[in-house]
Amino acid sequence: MTTLFALCDCNNFYASCERVFKPALNGKPVVVLSNNDGCVIARSNEAKALGIQMGEPLFKIRNLVDNRHVHAFSSNYVLYGDMSDRVMQCLSRFTPNIEIYSIDECFLDLGDFYSKDLNAYAREIKETVHQWTGIPVSLGVAPTKALAKVANKLAKKSKKANGVLVLTTPYHIQKALEATNIEDVWGIGGQYANFLKKRNIHTAYDFTQLSENWVRQHMTVVGVRLLKELRGESCLELEEVAPPKKGICTSRSFGKKLNNFEEVQEATATYAAKCAKKLRKQKSCARLITVFVNTNWFSERDSQYHGSKTICLPVATNSDIELIHYANIALKAIYRDGYWYKKSGVMVTDIVPENQVQLDLLDTVDRGKHAKLMEVIDGLTDRFGRGKVSVATQGVDKAWLLRSDMKSPCYTTRLSEIQTVYVR
DNA sequence: TCTGGGGTCCTAGGACCC
DNA sequence: TCTGGGGTCCTAGGACCC
């Protein structure tokens, strides 16, 4: 059986989302910033043309932003998540077999469409998504996922392709591989790119000429899989159902540096509650919780400290109350006075399905009661918005909160004005 | 002054067991 | 003095992705 994949990738996704609701920004440079308005994480084509790099800190390009009238937005993940859902729903009308690969990318199984005019079909997909959601996308079509990635990159880059490139013949595939720099290949990061270039491997085509043994020796079985994929042998299947996560992490840099235990504790408790919520969403419980704290490692003045502590819970849980309790214990064990803290985080691992939790005979926690309470809290959160109901440790003043001074409204989701309630 | 956050997979090496 | 061999599990670290 011949395989055929399309990779649909939203162009400059976050920047495009902002533009959908502010069409006056079309044709103008737009950037979206990371949490705390720290660095650039999305750029419109006009912003790229100004030389603004991905990941560049805002303060380094302040002049450019001001002088060239670059429109900067704080990130608004609720908006982007909702726009992503709309794009994916639209795509699923074209084939039921899709894999949502990331917030802005989707693989489509086009195996049944080989006899169709693939160029016309891909273009129809592209135009429909744009019409329905306002988001511009590019499509690459090829016999393997890695080749679909190659096709997608070229579809974006080439004026002639204009957002759609179909690679089905050996001739076109070879031309595409020759036109793709090795560092632009999916699965080749900076380390491997340097390593390969030193050995005179500069394009994706050069890479396909290597021997399987050599690649295995230097790049593990992952490299071999990529080699086969680029040679047209499909090794990566469409994963329509996302497997449950094996680890869940919530961490943030604080809006300002902190040297006060209570404030770090509030932030950390909030991250623990976020982990609990993510666990409940995928109907899992976790048995290991890790808390870590960091000072600002960019600062040359402040003395540096990194602490982390993992605690094994007697019984796996997804309750806010329990995870906050153990997060507090872990934090107390690693917190040292006399440092300026910039970031903390909570990670939960050893994750099991909710209905397969091993119980402990000496367990003193009323799990039924916790589950009921969490159900109520989740219900309130869904109706009235995040942060309206919380465990008291999470704090009220929140001096540690992120900065996001340039955030767009949540155009697509409801906001609420209900009084905040605290559960003790 | 200001520098993101959240994941995956693979391998090597040590501990431990029979 | 001689000092096995194979298997599993765990962890740390390194690579990658968006």
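Here the structure is a predicted model, which is why all the values come from computation and not from measurement.

Thresholds applied
Residues numbered from 1 in each chain as written. Chains lettered and ligands numbered in written order. Predicted model: local features only at pLDDT ≥ 70, side-chain atom pairs only at ≥ 80, totals over all residues. Heavy atoms only, no water. Near = heavy atom within 4 Å. Polar contact = N/O pair within 3.5 Å; in protein donor to acceptor, adjacent residues only side chain to side chain. Helix = DSSP H or I, 4+ residues; strand = E, 2+ residues; numbered from the N terminus. Nonpolar A, V, L, I, M, F, W, Y, C, P; charged D, E, K, R; others polar. Pairing = 2+ DSSP bridges. Axes fitted to C-alpha atoms, helices over the stretch in contact; angles between N-to-C directions. Contact = heavy atoms within 4.5 Å. Buried < 20%, exposed > 50% of the residue type's maximum accessible area, 1.4 Å probe, protein only. Arc of directions from axis to C-beta. Expected span 1.5 Å × (residues − 1). Phe/Tyr/Trp six-rings, centres within 6.5 Å; stacked < 30°, edge-to-face > 60°. Domains from an automatic or database assignment. Core = buried A, V, L, I, M, F, W, Y, C linked by side-chain atoms within 4.5 Å.

Q: Even after reading the chapter, I still don't get the protein's contact with DNA strand B, so can you show me in this structure?
A: Close to DNA strand B lie 23 residues; S34, C249, S251, R252 and S253 are nearest. Protein-proximal atoms of DNA strand B, defined as those within 4 Å of the protein, fall in sugar or phosphate at a share of 73%. C249 has a polar backbone atom sitting 2.5 Å from a phosphate oxygen of DNA strand B. Here R252 contributes a side-chain N or O atom positioned 2.5 Å from a phosphate oxygen of DNA strand B. Elements that contribute at least two residues to the surface near DNA strand B include exactly α10 (212–230), β9 (248–258) and β12 (341–353). Ranked by the residues each element gives to the surface near DNA strand B, the list is headed by β9, at six residues. Residue classes in the surface near DNA strand B are distributed as eight nonpolar, eight polar and seven charged.

Q: What is the right way to look at the sheet that holds strand β11 (residues 306–317) in this model?
A: If you walk across this open sheet you meet the four strands as β9-β12-β10-β11, and the pairing is antiparallel. Each edge of the open sheet carries a strand with a single partner, namely β9 and β11. For this sheet, the mean angle separating the axes of adjacent strands, direction not counted, is 15°. Where β9 lies against β12, seven bridges are found, and the strand directions are antiparallel. Counterpart to S253 in the pairing with β12 is K343. The strands that helix α11 (residues 261–281) touches are β9, β10 (284–295), β11 and β12; relative to β9, the one it contacts most, it runs at about 155°.

Q: I would appreciate a short explanation of helix α7 (residues 170–178) in the present structure.
A: Since one α-helical turn is 3.6 residues long, residues separated by three or four positions face the same way. The complete set of buried residues in α7 reads I173, A176 and L177. For α7, the arc enclosing every buried residue in end-on projection is 100°, short of the 170-degree limit, so these residues lie on one face. Residues of α7 that are buried in the fold lie against α6 (145–157), α9 (204–208) and α10.

Q: I keep staring at helix α4 (residues 77–91) and nothing clicks. Help me out?
A: The end-to-end C-alpha separation of α4 is 21 Å, in line with the 21 Å expected for 15 residues at 1.5 Å each. Residues of α4 that are buried: L79, Y80, D82, M83, S84, V87, M88, C90 and L91.

Q: Would you mind showing me how to read the packing of aromatic side chains here?
A: For any two aromatic rings, the description comes down to two numbers: the centre-to-centre distance and the angle of the planes. Overall, the coordinates contain 17 aromatic pairs when judged by the stated rule. Ring centres of Y14 and Y80 lie 4.3 Å apart, and the angle between their planes is 10°; this geometry places the pair in the stacked category. Remark: Y80 occurs in helix α4 and Y14 occurs in helix α1 (residues 13–20); sequence separation between them is 66 residues. Residue Y14 shares its accessibility class with Y80, and that shared class is buried. Judged by centre distance (5.1 Å) and plane angle (20°), the ring pair of Y305 and Y339 falls under stacked. Of this pair, Y305 sits in the loop between β10 and β11 while Y339 sits in the loop between α12 (320–334) and β12, and the two are 34 residues apart along the sequence.

Q: Honestly, the protein's contact with DNA strand C in this entry has me stumped. Any pointers?
A: The full set close to DNA strand C counts 13 residues, and D104, K149, G187, G189 and Y192 are the nearest of them. When atoms of DNA strand C within 4 Å of the protein are sorted by moiety, sugar and phosphate together comprise 100%. Between DNA strand C and the protein, one listed contact pairs a sugar or linking oxygen with a side-chain N or O atom of D104 at 2.9 Å. I188 is positioned with one of its backbone polar atoms (N or O) 3.4 Å from a phosphate oxygen of DNA strand C. Of all the elements in the fold, those that place two or more residues in the surface near DNA strand C are β5 (98–102) and α8 (190–198). Per-class residue counts for the surface near DNA strand C are five nonpolar, five polar and three charged.

Q: Looking at this structure, how should I read the domain arrangement of chain A?
A: Interfaces are often sized by the amount of accessible area the parts lose when they come together. Under the domain assignment, chain A is made up of domain 1 (13–78), domain 2 (80–230) and domain 3 (248–394). Placing a centre on the C-alpha atoms of domain 2 and another on those of domain 3 gives a separation of 38 Å.

Q: Where do I start with the nonpolar core in this structure?
A: Taken as a class, soluble globular proteins show a tendency for nonpolar side chains to be buried jointly. With 37 residues, the main nonpolar core has F13, L91, L108, L110, I125 and I135 as its most contacted residues. Elements represented by at least two residues in this core include exactly β1 (5–10), α1, β2 (30–33), α4, β6 (105–109), α5 (118–133), β7 (137–142) and β8 (164–166). Element by element, the count of residues in this core is highest for α4, at seven residues. Counting residues in each nonpolar core, the second largest holds 34 residues, with F261, A276, L323 and Y341 among its members.

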